[in-house]
Amino acid sequence: MRALLWIVGVVAGVLILLGLFLEAVRWLLIIGVIALAAVIVLAFVKGRQAANNYPSRR
């Protein structure tokens, strides 16, 4: 009976830690996607500014 309680306790602890880890991964993924979108937008804006600052050679 005591071994069964230990097994249940360890499994419960692993499940709790796994849930916290997956939640952290989900938030890191969300933050990464937001950062990637920000980099793309900034690159587009900087590219447009660079194109407007230099006249074409035609």
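To be clear, the structure that these remarks concern was listed above.
From a predicted model like this one, the values you see are computed outputs, not experimental measurements. (Residues numbered from 1 in each chain as written. Predicted model: local features only at pLDDT ≥ 70, side-chain atom pairs only at ≥ 80, totals over all residues. Heavy atoms only, no water.)

**Focus on the overall build of the chain**
Note the threshold: Numbering goes from the N terminus for both helices and strands, where a helix is a DSSP run of H or I of at least four residues and a strand is a run of E of at least two. C-alpha atoms define the radius of gyration, and 2.2 Å times the number of residues to the power 0.38 defines the globule rule. Remark: exposure states derive from per-residue accessible area (1.4 Å probe, protein chains only) relative to the maximum for the residue type, with buried under 20%, exposed over 50%, and partly exposed in between. Accessibility throughout is a Shrake-Rupley quantity obtained with a 1.4 Å probe, and a residue counts as covered only by protein chains that appear here.
Counting its regular elements, the chain contains one helix and zero strands. Taken over the C-alpha trace, the chain has a radius of gyration of 25 Å; the compact-globule value for 58 residues is 10 Å, which it surpasses by more than 25%. For the chain, the spread of C-alpha atoms along the three principal axes comes to 85 × 10 × 5 Å. Burial status across the chain gives 0% buried among its 58 residues. As displayed, the chain offers around 5800 Å² of accessible surface, 77% of which is attributable to carbon and sulfur atoms.

**Quick notes on a nonpolar patch on the surface**
Note the cut-off: Patches in this entry comprise residues that are over 30% relatively accessible and not in a salt bridge; like charges within 9 Å are linked, as are nonpolar side chains (Val, Leu, Ile, Met, Phe, Trp, Tyr) within 5 Å. Here, a salt bridge means any side-chain nitrogen of Lys or Arg that lies within 4 Å of a carboxyl oxygen of Asp or Glu.
Taken together, Ile-7, Val-11, Leu-15, Leu-18, Phe-21, Leu-22 and Val-25 make up a surface patch of nonpolar side chains, about 670 Å² in accessible area. Tracing the backbone shows Leu-18 in helix 1 (residues 2–53). Overall, Leu-18 belongs to the partly exposed group, its relative accessible area being 44%.

**Remarks on the pattern of salt bridges**
Per the counting criterion, the structure on display carries one salt bridge. Among the salt bridges present, the one from Glu-23 reaches Arg-26, with a minimum N-O distance of 2.8 Å. In this pair, Glu-23 and Arg-26 are both assigned in helix 1, three residues apart and thus about one turn of the helix distant. Given a relative accessible area of 34%, Glu-23 falls into the partly exposed group. On the basis of relative accessibility, which here comes to 45%, the residue Arg-26 falls in the partly exposed class.

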